[in-house]
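Descriptive analysis of the structure
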Amino acid sequence: MNTITDAKHLEQTTELDMSNFWMPFTANKQFKAAPRMFKKAKGMYYTTVDDRQVIDAVAGLWCVNAGHGREEIVQAVTQQMSQMDYAPTFQMGHPIAFEAATRLAQIMPADMDRIFFTNSGSEAVDTALKIALAYHRSRGEGQRTRLIGRERGYHGVGFGGISVGGILPNRKAFSANMIPGVDHMPATLNIEKAAFSRGQPAWGGHLADELEKIVALHDASTIAAVIIEPVSGSAGVLLPPQGYLQRLRDICTKHGILLIFDEVITGFGRLGKATASEFFGVTPDLITMAKAINNAAIPMGAVAAHRNVHDTIVHGGPANAIELFHGYTYSAHPAAAAACIATQDIYEREALFERSAAMAPVFEKAIHSLKGEPNVKDIRNLGLVGGIELQSREGAPGTRAYDAFLKCFQNGVMVRFTGDTLAFSPPLIVEDSHIDQIFETVRKAIREVA
Ligand SMILES: Cc1ncc(COP(=O)(O)O)c(C=O)c1O
């Protein structure tokens, strides 16, 4: 049995058995030998089990955009749970599910207002891929089955998501069972050509033309969809070069290929608008979302589909036929839907997307002030997303960022790390003083792990 025995680390006097919880995306043995545990969260801060305040520089896991412990969400969920805990949405309905869909539709790009609910980003991705396949089949083009993702893409952990995704460790143990007929475009990051760019790099828009090469190889008539993250977070904060997204849109339109933006991280104000699609002025055919959809209070995800995609599938068959054989027991779960509506109220009332846009220059200045610190190889940022890539230690990739992450945690700041990149995505309620605290702590940590 693996236990924490040091009383300082625990509020409760009993020993905590840590052996049963097999932790996700975690070095289980390393973590359980020296756990990092939170017991409370409010606003910008977590409280550890030993009563230290830790500022949240990543909005939990890119998801608590309105800050922690929002009373309005607590009340909405509590009220909903006491009124009706659960009702199915297969051949039945409940008003709050429709209301949540309407609220999301109102902030999606024009005509992208048909909402399919899931319980996570991974499920939203697999749902979007399936909708794309179903769309082509409904149009009599069932041979369009090929899916195009991108190297270093992260689209969650379902078999669809890891197939179109491009992160090696997420794929290699499962590669034999991934879905067939997938190609990958190159990632857009090139540190030699675009290090320390502020905002979108000027170099790299031409990389969208790689899609034309894939079309030339397989023919457009075999390709169903292209999926990308407009800004990718999980693979280490990769930004779209100027002109890249529009060029992808144009190529997809030209060839009748659906374009999916995976906005699980970029949705809900991360870039200062409701969606990255709105921010970049490029409208895809499907948008996936999750996380900040309801401030991460209850698991929830969704796909926003363009009316054309929805209508092609839904209006194609007889009125008594189920149009899409897909859905989850918890699609539009009443508690998640209540949290979603309460969260949208907060975003609107507190103008948090605008606030995010207003704080972005402060964030940019602060993160770029770390240029020149030891081993800082690149700094990338857009909106309230940023990454600091550190030079990897010879023969020990990832260890420098891990050590910096640990130092930050010990000094009261929670950051994320992927490989040797430290990632930042604070709640949108972040203030100047928080940004100072975050980056001065990170500066010190980076110096200490030199
Ligand atoms: C772009 C993107 N897609 C999908 C996912 C998966 O979401 P979930 O962990 O909710 O399944 C993530 C999670 O970070 C993500 O960043």
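What counts and what doesn't
Residues numbered from 1 in each chain as written. Predicted model: local features only at pLDDT ≥ 70, side-chain atom pairs only at ≥ 80, totals over all residues. Pairing = 2+ DSSP bridges. Helix = DSSP H or I, 4+ residues; strand = E, 2+ residues; numbered from the N terminus. Core = buried A, V, L, I, M, F, W, Y, C linked by C-beta atoms within 7 Å. Buried ≥ 20, exposed ≤ 12 C-beta atoms within 10 Å, placed from the backbone. Domains from an automatic or database assignment. Contact = placed C-beta atoms within 7 Å. Right-handed = clockwise from strand over helix to strand, strands pointing away. Near = placed C-beta within 6 Å. Nonpolar A, V, L, I, M, F, W, Y, C, P; charged D, E, K, R; others polar. Axes fitted to C-alpha atoms, helices over the stretch in contact; angles between N-to-C directions. Parallel < 35°, antiparallel > 145°, perpendicular 65-115°, else oblique. Left-handed = near helix turned anticlockwise from the far one by under 90°.

1. Some words on the sheet that holds strand β4 (residues 45-48)
Here we have four strands laid out as an open sheet, ordered β3-β4-β5-β15, and mixed in their pairing. Pairing within the sheet leaves two strands with one partner each, and these edge strands are β3 (38-42) and β15 (413-414). Pairing geometry for β4 and strand β5 (residues 53-56), over three bridges, is antiparallel. Each bridged residue has a counterpart across the sheet, and for Tyr-46 the counterpart in β5 is Val-54.

2. Observations concerning the nonpolar core
Among the nonpolar cores identified, the biggest contains 131 residues, and Val-226, Leu-258, Ala-339 and Val-415 are the most heavily contacted of them. Looking at which domains feed residues into this core, each of domain 1 (36-66 + 351-448) and domain 2 (72-349) supplies at least three. Those residues in contact with Leu-258 that sit more than four places away from it in its chain are Ala-132, Tyr-135, Ala-224, Ala-225, Cys-252, Asp-285, Leu-286 and Val-309.

3. Some details on the pairing of strand β10 (residues 258-262)
By the criterion of burial, β10 is predominantly enclosed, with five of the five residues buried. Across four bridges, strand β9 (residues 223-228) lies against β10 in parallel orientation. Residue pairing in the sheet places Ile-227 in a bridge with Ile-260 of β10. Crossover handedness for the path β9 to helix α10 (residues 244-255) to β10: right-handed.

4. A short note on the environment of Asn-411
Note that Asn-411 resides in the loop between α15 (399-410) and β15. You can call Asn-411 partly exposed: it has 17 C-beta atoms within 10 Å. C-alpha of Asn-411 to C-alpha of Phe-98: the two residues are 313 residues apart in sequence and 45 Å apart in space. In this view, Asn-411 contacts Thr-441, Lys-444 and Ala-445; residues no more than four positions away in its chain are not counted.

5. Focus on the site of the ligand
Residues in contact with the ligand amount to 14 residues; listed here are only the nearest, Ser-120, Gly-121, Ser-122, Gly-156 and Val-264. Ranked by residue count, the leading element in the shell around the ligand is helix α5 (residues 121-138), at three residues.

6. Some words on the domain arrangement of the protein
According to the domain assignment, the protein contains domain 1 (36-66 + 351-448) and domain 2 (72-349). A C-alpha centroid distance of 26 Å is found between domain 1 and domain 2. Listed by partner, the interface residues are 32 residues for domain 1 and 29 residues for domain 2. Residue assignment for the side of domain 1 that touches domain 2 shows that the elements contributing at least two residues are α2 (59-62), α14 (352-368), β13 (376-382), β14 (385-390) and β17 (421-424). With seven residues, α14 is the single largest residue contributor to the side of domain 1 that touches domain 2. Grouping the constituent residues of the side of domain 1 that touches domain 2 by class yields 14 nonpolar, twelve polar and six charged.

7. Re the packing of α5 against helix α12 (residues 307-314)
In contact at an axis separation of 9 Å, α5 and α12 are set at 60 degrees when each is read in the N-to-C sense. By the angle between their axes, α5 is oblique relative to α12. Relative to α12, α5 is oriented so that their crossing is left-handed. Facing Ile-131, Ala-134, Tyr-135 and Ser-138 of α5, the residues of α12 in contact are Val-309, Thr-312 and Ile-313. When grouped by side-chain class, the residues that make up the contact of α5 with α12 number five nonpolar, two polar and no charged.

8. Side note on the packing of helix α4 (residues 95-107) against helix α13 (residues 334-349)
For the pair α4 and α13, the least separation of the axes is 9 Å and the interaxial angle reads 35 degrees. At the point where α4 passes α13, the crossing takes the left-handed sense. Together, Ile-96, Ala-97, Glu-99, Ala-100 and Arg-103 of α4 and Pro-334, Ala-337, Ala-338, Cys-340, Ile-341 and Gln-344 of α13 make up the contact between the two elements.

9. Examining the sheet that holds strand β7 (residues 146-150)
Sheet strands pair by backbone hydrogen bonding; their relative direction is either parallel or antiparallel. A sheet is described by the order of its strands in space; here seven strands give the open sequence β6-β12-β11-β10-β9-β7-β8, paired in mixed fashion. The sheet terminates laterally at β6 (114-118) and β8 (182-185), the two strands that pair on one side only. Across the sheet, the mean angle separating the axes of adjacent strands is 20 degrees when strand polarity is ignored. The sheet contact formed by β10 and strand β11 (residues 286-289) spans three bridges and is parallel. Directly across from Phe-261, in β11, lies its bridge partner Ile-287.

10. Some remarks on unusual backbone geometry
Even without being glycine, Trp-62 reaches a positive phi, approximately 65 degrees. Residue placement: Trp-62 occurs in helix α2. In this structure, Asp-219 is a non-glycine residue whose phi angle is positive, near 80 degrees. Relative to the helices and strands, Asp-219 is located in the loop between α9 (210-218) and β9.

11. Observations concerning the pairing of β3
Pairing of β3 with β4, which is carried by four bridges, proceeds in the antiparallel orientation. Paired with Phe-38 across the strands is Thr-48, a residue of β4. Connecting β3 to the antiparallel partner β4 that follows it, the hairpin turn spans two residues, and Gly-43 within it adopts a positive phi of roughly 60 degrees.

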